[in-house]
Amino acid sequence: MTHALVIGGTGMLANTSLWLVNNGYHVSVIGRNANRMERLLNKANNSSMNPFVSGLS
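Criteria and cut-off values
Residues numbered from 1 in each chain as written. Predicted model: local features only at pLDDT ≥ 70, side-chain atom pairs only at ≥ 80, totals over all residues. Heavy atoms only, no water. Core = buried A, V, L, I, M, F, W, Y, C linked by side-chain atoms within 4.5 Å. Buried < 20%, exposed > 50% of the residue type's maximum accessible area, 1.4 Å probe, protein only. Helix = DSSP H or I, 4+ residues; strand = E, 2+ residues; numbered from the N terminus. Contact = heavy atoms within 4.5 Å. Pairing = 2+ DSSP bridges. Right-handed = clockwise from strand over helix to strand, strands pointing away.

Colleague: Help me out: how do you make sense of the nonpolar core in this one?
Modeller: Burial of nonpolar side chains together is a common tendency in soluble globular proteins. If you look at the biggest cluster of nonpolar residues, it comprises 13 residues, and the most contacted ones within it are Leu20, Val21, Val27, Val29, Leu40, Ala44 and Met49. Of all the secondary-structure elements, those providing two or more residues to this core are β1 (3-7), α1 (14-22), β2 (26-31) and α2 (34-43). Among the elements that line this core, the one with the most residues is α1, at four residues. Residue contacts for Val21: discarding those within four places in its chain leaves Val27, Ala44, Ser47, Ser48 and Met49.

This is the structure in structure tokens:
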């Protein structure tokens, strides 16, 4: 399985993060907003995605 790291993957790159998951990638997503990360995980059905929420804002 191919791995992708998406920085800012809950904002402008949310659709890219979802596309990668839907196309068989294992995706690590770094984002600042915990609510957006939760929504992204729900859309991705929590499959093949590792969330990382930074404390910086």
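From this point, the discussion proceeds with the structure in view.
Colleague: What exactly am I supposed to notice about the environment of Val53 here?
Modeller: Within the fold, Val53 resides in strand β3 (residues 49-53). Owing to a relative accessible area of 44%, Val53 belongs among the partly exposed residues under this scheme. Once the C-alpha coordinates of Val53 and Tyr25 are considered, the two residues, 28 residues apart in sequence, prove to be 20 Å apart.

Colleague: Explanation requested: the pairing of β1 in the structure shown.
Modeller: Sheet faces and side chains relate simply in a regular strand, where the side chains alternate between the two faces. Residues Ala4 and Val6 line the buried face of β1, whereas the alternating positions His3, Leu5 and Ile7 sit on a face that is not buried. As judged from the five bridges shared by β1 and β2, these two strands associate in the parallel manner. Note on β2: the bridge partner recorded for Val6 is Val29. Between the parallel pair β1 and β2, the chain is carried across by α1, and the sense of this crossover is right-handed.

Colleague: Can you help me understand the side chain of Ser28 in this one?
Modeller: Within the fold, Ser28 resides in strand β2. The exposure class assigned to Ser28 is buried, which follows from its relative accessible area of 7%. Once residues lying within four places of it in the same chain are set aside, the contact partners of Ser28 are His3, Ala4, Leu5, Val6, Asn50 and Phe52.

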